[in-house]
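Coordinate analysis (summary)
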Amino acid sequence: MRSLIDIPDLSTAEIDELIRTAMDIIDNPGKYSEKCRGKKLATLFFEPSTRTRLSFEAAMLELGGSCLGFSLAASSSASKGESVADTAKVISCYADIIAMRHPKEGAPYVASRNATIPVINAGDGGHAHPTQTLTDLLTIYREKGRLNDLTIGFCGDLKYGRTVHSLITALSRYTGIRVVLISPLELMLPSYVRKDIMRKNGVPYVGTESLEDVLPNLDVLYMTRIQGERFESQEEYERLKDSYVLTPEKLKNAKSDMCILHPLPRVNEISIKVDKDPRACYFKQVLNGKYIRMALILKLLEEAEKDPVLHEEDLSHLLENKLVCDNPRCITTVEQELDQLFEVSEAEAGTARCHYCENKMKL
Amino acid sequence: MRSLIDIPDLSTAEIDELIRTAMDIIDNPGKYSEKCRGKKLATLFFEPSTRTRLSFEAAMLELGGSCLGFSLAASSSASKGESVADTAKVISCYADIIAMRHPKEGAPYVASRNATIPVINAGDGGHAHPTQTLTDLLTIYREKGRLNDLTIGFCGDLKYGRTVHSLITALSRYTGIRVVLISPLELMLPSYVRKDIMRKNGVPYVGTESLEDVLPNLDVLYMTRIQGERFESQEEYERLKDSYVLTPEKLKNAKSDMCILHPLPRVNEISIKVDKDPRACYFKQVLNGKYIRMALILKLLEEAEKDPVLHEEDLSHLLENKLVCDNPRCITTVEQELDQLFEVSEAEAGTARCHYCENKMKL
Amino acid sequence: MRSLIDIPDLSTAEIDELIRTAMDIIDNPGKYSEKCRGKKLATLFFEPSTRTRLSFEAAMLELGGSCLGFSLAASSSASKGESVADTAKVISCYADIIAMRHPKEGAPYVASRNATIPVINAGDGGHAHPTQTLTDLLTIYREKGRLNDLTIGFCGDLKYGRTVHSLITALSRYTGIRVVLISPLELMLPSYVRKDIMRKNGVPYVGTESLEDVLPNLDVLYMTRIQGERFESQEEYERLKDSYVLTPEKLKNAKSDMCILHPLPRVNEISIKVDKDPRACYFKQVLNGKYIRMALILKLLEEAEKDPVLHEEDLSHLLENKLVCDNPRCITTVEQELDQLFEVSEAEAGTARCHYCENKMKL
């Protein structure tokens with residue numbers, strides 16, 4: 001039995017297979033409309049996220065299955081202090097597969113170590129949100145016909161945007177990818193993504209503060225939100241904010257077949273006047289999110305049927321209770337019974353990564 | 001593709017057809033139990049309303065379809081500031097039809113201009129709640145066998161009760177309707193309903209402060225809540241409140257086949273001792289609400305299948321961005337990107353109506 | 001038509017029949033997967049309880065039916081002040097059976113007197129939670145092969161734990177039951193359970209403060225939560241708390257086929273290290289909760305089909321409006337229109353029991 005906590009859990013062949021399944025679902029929906037008859041998806045949303053929750057529920061319903069769950073921690077037993085591990089064991093009695101959103105990083109991983117059914121991470125704090133990345137990949141594939149030989153611009157808050165980090169990491173597996181980073185200095189892509197991901201995989205990249213300068217070169221433009229409070233000064237914010245708002249005027253210089261993505265919800269970083277431009281793909285992206293989740297639910301349920309056992313994870317190579325994770329959003333900060341587990345890799349001498357939230361600490 | 005935002009969207013022939021379909025559903029439920037197999041209703045309730053939400057969900061389930069959605073803005077992306085237009089576009093990827101309740105007037109209309117699936121207004125502030133009116137019409141039809149030649153009393157808060165205004169407007173399409181308005185002076189029916197609706201359509205009406213005086217004449221009695229704080233003085237409230245509470249004693253003078261309606265929930269304006277009176281129809285009304293919603297969902301889905309395109313609305317006759325709506329509950333007050341649109345009619349010289357919330361303003 | 005408000009509503013033969021049905025569901029799930037096709041369960045949760053709500057919903061879905069409802073009073077019309085009676089009548093128009101959780105004791109009973117569909121009490125304050133007791137009975141039956149000739153220990157907060165009182169009462173119907181009460185003095189089982197239930201039914205019992213002393217004798221150990229604030233002094237709490245935490249060490253002295261139950265959620269009264277012990281049955285209990293609810297839903301729907309009428313209850317033997325219930329959690333304290341009803345029994349001279357919440361008062 002397998003869960004999906006983050007994109008590295010999937011091989012490139014598996015990602016390609018998910019995309020193929022999604023394409024087949026799009027072409028032959030009738031073939032899949034009864035595939036999950038009698039199966040139940042539990043949507044455990046410890047913080048609200050309508051889009052993601054309804055995408056999972058629509059996916060399960062279109063497979064002929066049904067849904068149960070909760071959409072706020074307040075309406076769940078979590079308010080009585082139940083551990084994520086116990087919740088996962090309990091829900092395993094009620095459903096066939098779990099989609100979990102949690103404000104604490106690593107919570108879906110903890111669930112996956114305790115549930116006897118597959119767990120899909122539907123977003124854990126700033127850590128991972130793998131079905132968003134699969135959605136982005138399917139959208140690029142559908143729009144461009146390929147996942148290689150592409151120049152992709154990422155624009156906006158590249159520092160905190162987990163969807164950006166995750167998509168860059170995923171694209172680094174493919175050949176001929178060129179990345180253009182468009183952000184104010186305050187919100188630049190973290191160096192670990194530049195060094196550990198792109199350089200290591202030989203992905204060429206350039207950085208710029210100006211969207212307009214690089215727009216003509218892009219095959220794909222990935223927009224994200226910028227929050228004013230993340231700038232160092234109000235003046236800096238005022239100086240830069242308009243340059244990261246996509247308008248029909250700016251688009252005049254872009255390629256005619258460029259595709260514009262955005263994880264949504266947007267605030268005002270894409271003018272609504274862009275919506276009618278055929279290059280605007282962010283609502284198609286929403287639709288693709290449903291299809292790739294259908295493919296993922298199918299895959300994990302099929303694997304669980306073949307191999308219904310929860311396999312013990314080999315933790316012997318990890319540091320156990322030697323360090324205490326200092327990430328305030330780590331699940332270990334609220335669930336005291338969890339062992340502190342850290343991964344030490346040769347590549348990162350002198351550092352260790354929390355096995356739950358991937359927070360990097362000095363040894 | 002069509003949506004239902006308010007009763008005037010429907011022709012009288014269409015209302016009669018909806019009633020006929022509902023009657024057929026009541027007589028032959030088995031014929032309809034698989035009609036919406038594979039279809040999904042999204043219930044988007046930006047404010048709570050259990051009765052209306054569950055009525056829509058029960059309707060969809062009895063048609064063999066399924067439901068998804070949310071029942072509080074707090075558990076939705078609206079708390080992240082997403083526009084109604086974007087929400088409508090996103091939900092169009094997940095469902096086949098939307099039922100939307102929103103505190104802002106005109107929000108479901110904005111949704112209907114952006115969704116690529118039909119939108120049903122499930123109540124927008126004090127503006128419109130068309131499925132309640134359809135429910136009332138079906139109940140009168142079932143109880144009295146007709147929608148014409150009826151004397152109908154409306155009792156209680158006639159000033160703020162949108163269900164009263166809407167039902168009077170709908171009944172004005174039929175012949176032989178006589179209206180009796182029973183309310184304290186403070187809560188009289190607004191003059192625009194009296195003048196623009198009833199006088200224009202030749203519907204005779206009388207007004208009175210006394211329920212008991214007119215009860216013997218009524219074929220239908222439509223009760224509504226009165227809130228104490230809407231009276232000018234506490235003395236006035238104390239003097240009048242009991243006269244608007246329906247009791248078995250008062251009912252002694254009513255016709256034996258009168259039918260009593262109430263949009264529910266009631267507080268104490270109908271004594272629970274009345275519940276066993278065969279004339280009490282307010283719980284039958286709840287049941288009828290489910291049936292008419294089944295008929296409506298069927299109709300809108302059928303029309304969407306024949307004509308799946310969202311047609312651009314012709315706005316050329318409207319004043320664009322010349323006035324700013326001063327109704328604090330209008331959707332334009334919270335969504336700044338919406339154009340201000342006003343309708344100017346010859347009949348109302350010197351005034352214009354907000355195209356979203358129907359607020360009337362001076363030119 | 002029948003509802004289930006508390007365990008005494010069921011004969012011992014009916015409990016045994018429910019257990020038999022549940023065993024058959026476990027053995028032949030396919031036989032039941034379409035039994036409730038087209039039927040709807042309304043889960044009306046006026047306070048949150050994820051486990052119980054999802055257990056009911058999973059049960060209904062596995063019977064092929066569907067669910068609607070709400071999981072918080074705030075998202076329901078209750079916030080507009082609708083009475084439980086009216087809510088029950090309204091929901092009867094939307095669903096085929098109700099599961100109701102309510103903070104006020106007696107609320108599900110009031111619902112059952114007004115609904116025209118069966119009502120299952122899913123927990124009303126500290127009063128009753130009969131499906132938990134049925135769950136416990138099924139678990140004991142599955143683990144031990146019988147419901148008689150058992151030594152059962154109850155450990156923890158025996159004073160306030162309604163699940164303990166209810167299970168002791170239910171077990172008192174069977175033969176050869178021996179009860180061991182393990183609690184601090186402050187949290188001893190109330191005398192009415194000892195006297196009125198166990199002594200009256202000839203169930204031998206002993207009390208102790210020490211779990212370790214009695215553990216070797218037990219066939220079943222029923223653990224419950226202890227809340228620190230229920231002790232008279234902090235010193236007393238510190239002195240005792242560890243003795244009521246179940247650990248692998250303590251379990252060494254227990255029978256090898258003892259079975260450990262807990263109504264969940266647990267906080268720390270059972271160490272997670274016990275989870276892998278084959279005697280730990282509290283997650284099996286969760287699964288059994290789903291199966292017994294399937295059996296119960298089936299039974300009540302079948303009875304409602306044979307006898308769809310809501311029978312008037314004979315209240316002639318009750319004291320009407322002579323006493324006012326002084327239990328602050330009684331439904332009569334918030335719903336003023338309810339008659340005060342008290343039961344006077346010969347066995348309890350000088351006292352009367354509230355017909356809603358079973359609060360005992362002096363005459």
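Okay, the domain arrangement of chain A next. Examined at the domain level, chain A breaks down into domain 1 (7-128 + 286-306), domain 2 (144-280) and domain 3 (319-362). Once you take the C-alpha centre of each, domain 2 of chain A and domain 3 of chain A turn out to be 31 Å apart.

Residues and elements named next belong to chain C. When we look at burial in helix α8 (residues 191-199), the residues that qualify are Val193, Ile197 and Met198. Looking straight down α8, one finds its buried side chains confined to an arc of 80 degrees; they lie on one side. Exposed side chains of α8 directed beyond 90 degrees from the buried face belong to Ser191, Tyr192 and Lys195.

Let us now look at the relation of the copies chain B and chain A. Here two copies of a chain appear, and what relates them is a rotation about an axis with a shift along it. For these two chains of identical sequence, chain B goes onto chain A by a turn of 120 degrees and a shift of 0.1 Å along the axis, with RMSD 0.0 Å. What the superposition gives is, in effect, a three-fold axis relating one chain to the other. Every residue of chain B has its C-alpha some distance from the rotation axis, and the shortest such distance is that of B:Ser66, at 5.0 Å.

In this section: the packing of helix α1 (residues 12-27) of chain B against helix α12 (residues 282-306) of chain B. All names here are of chain B. Closest axis-to-axis distance for the α1/α12 pair is 8 Å, and the angle between their directions is 115 degrees. Seen from above, α1 lies across α12 with right-handed handedness. For the pair formed by α1 and α12, the contact residues are Leu18, Thr21, Ala22, Ile25 and Ile26 on the first element and Tyr291, Ile292, Met294, Ala295, Leu296, Leu298 and Lys299 on the second. In terms of residue class, the contact of α1 with α12 is made up of 10 nonpolar, one polar and one charged.

Tallying the contact residues gives 20 residues for chain B and 20 residues for chain A. Here the residues of the side of chain B that touches chain A are counted per class, giving seven nonpolar, seven polar and six charged.

All right, on to the pairing of strand β7 (residues 205-208) of chain B then. All names here are of chain B. Inspection of the sheet shows strand β6 (residues 177-182) paired to β7 by four bridges, in the parallel sense. Pairing of Val180 across the sheet is with Val206, part of β7. The handedness of the β6 to β7 crossover, carried by helix α8 (residues 191-199), is right-handed.

So, about the sheet that holds strand β6 (residues 177-182) of chain A. All names here are of chain A. Overall, parallel pairing links the five strands, which are arranged β7-β6-β5-β8-β9 in an open sheet. The open sheet has two free edges, formed respectively by β7 (205-208) and β9 (259-261), since each of these has just one partner strand. Across the sheet, the mean angle separating the axes of adjacent strands is 20 degrees when strand polarity is ignored. Across three bridges, the pairing between strand β8 (residues 220-223) and β9 is parallel. For Tyr222, the partnering residue across the bridge sits in β9 and is Leu261. Sitting on the sheet, helix α6 (residues 130-144) touches β5 (150-155), β8 and β9, and the angle it makes with β9 is about 165 degrees.

For the rest of this paragraph, the subject is the packing of helix α6 (residues 130-144) of chain B against helix α7 (residues 162-171) of chain B. A pair of packed helices is characterised by two quantities: the angle between their axes and the separation of those axes. Residues and elements named next belong to chain B. Running from amino to carboxyl end, α6 crosses α7 at an angle of 55 degrees, the nearest separation of the two axes being 9 Å. By the angle between their axes, α6 is oblique relative to α7. In this structure, α6 crosses over α7, and the sense of that crossing is right-handed. Facing Gln132, Thr133, Asp136 and Leu137 of α6, the residues of α7 in contact are Thr163, Ser166, Leu167 and Ala170. Considering only residue class, the contact of α6 with α7 consists of three nonpolar, four polar and one charged.

Right, let's get into the interface of chain B and chain C. Contact with chain B, which involves 21 residues of that partner, is made by 20 residues of chain C. Elements with a contribution of two residues or more to the side of chain B that touches chain C: α3 (50-62) and α12 of chain B. By residue number, the principal contributor to the side of chain B that touches chain C is α3(B), which donates seven residues. Classifying every residue of the side of chain B that touches chain C by side-chain character gives 12 nonpolar, five polar and four charged.

A few words on the nonpolar core. If you look at soluble globular proteins, the nonpolar side chains tend to sit buried side by side. In terms of nonpolar packing, the biggest core is built from 344 residues, with A:Ile98, A:Ile297, B:Ile98, B:Ile297, C:Ile98 and C:Ile297 touching the most fellow members. With sequence-adjacent residues up to four places away left out, C:Ile98 is seen in contact with C:Ala42, C:Leu44, C:Ile91, C:Ala111, C:Ala115, C:Ile117, C:Val119 and C:Ile120.

Strand pairing in a sheet relies on backbone hydrogen bonds. The paired strands run either parallel or antiparallel. Taking strand neighbours across the sheet as the criterion, the four strands line up as β10-β11-β12-β13 (chain B) in an open arrangement whose pairing is antiparallel. On the outer flanks of this sheet lie β10 (319-320) and β13 (360-362) of chain B, each paired with one strand and no other.

Residues and elements named next belong to chain C. Along the chain, the position of Thr224 falls in the loop between β8 (220-223) and α10 (234-241). Put simply, Thr224 and Thr163 are 61 residues apart on the chain and 8.9 Å apart in space, counted from C-alpha to C-alpha. Ignoring sequence-local partners within four residues, the contact set of Thr224 consists of Cys155, Gly156, Asp157, Gly161, Val164 and Pro263.

This paragraph deals with the environment of C:Ile120. Residue and element names in this part refer to chain C. Counting through the fold element by element, Ile120 comes out in strand β4 (residues 119-124). With 24 C-beta atoms packed within 10 Å, Ile120 lands in the buried category. Residues contacting Ile120, with those up to four places away along its chain left out, are Ser3, Leu4, Ile98, Ala99, Thr131, Leu296 and Leu300.

Let us look at helix α3 (residues 50-62) of chain C. Residue and element names in this part refer to chain C. Taking 1.5 Å per residue, 13 residues should reach 18 Å; α3 reaches 18 Å between its end C-alpha atoms and fits that length. Within α3, 13 of the 13 residues are buried, leaving the element largely enclosed by the surrounding structure. One or two steps after α3, the chain reaches Gly64, where phi turns positive at roughly 85 degrees.

Time to look at the environment of C:Asp213. In this fold, C:Asp213 is placed in helix α9 (residues 211-214). Between the C-alpha atoms of C:Asp213 and C:Ile182, which are 31 residues apart in sequence, the distance is 9.8 Å.

Before going further, it helps to spend a moment on the pairing of strand β1 (residues 40-45) of chain A. All names here are of chain A. Among the six residues that make up β1, six are buried, leaving the element largely enclosed by the rest of the structure. Neither face of β1 is open: one carries Lys40, Ala42 and Leu44, the other Leu41, Thr43 and Phe45, and all of them are buried. Taken together, the five bridges between β1 and strand β2 (residues 66-70) define a ladder with parallel strand orientation. Looking at the pairing, Ala42 lines up with Leu68 of β2. Pairing geometry for β1 and strand β3 (residues 97-102), over five bridges, is parallel.

Cut-offs used in this document
- Residues numbered from 1 in each chain as written.
- Chains lettered and ligands numbered in written order.
- Predicted model: local features only at pLDDT ≥ 70, side-chain atom pairs only at ≥ 80, totals over all residues.
- Domains from an automatic or database assignment.
- Buried ≥ 20, exposed ≤ 12 C-beta atoms within 10 Å, placed from the backbone.
- Helix = DSSP H or I, 4+ residues; strand = E, 2+ residues; numbered from the N terminus.
- Arc of directions from axis to C-beta.
- Least-squares fit on C-alpha atoms with pLDDT ≥ 70 in both.
- Axes fitted to C-alpha atoms, helices over the stretch in contact; angles between N-to-C directions.
- Left-handed = near helix turned anticlockwise from the far one by under 90°.
- Contact = placed C-beta atoms within 7 Å.
- Nonpolar A, V, L, I, M, F, W, Y, C, P; charged D, E, K, R; others polar.
- Pairing = 2+ DSSP bridges.
- Right-handed = clockwise from strand over helix to strand, strands pointing away.
- Parallel < 35°, antiparallel > 145°, perpendicular 65-115°, else oblique.
- Core = buried A, V, L, I, M, F, W, Y, C linked by C-beta atoms within 7 Å.
- Expected span 1.5 Å × (residues − 1).

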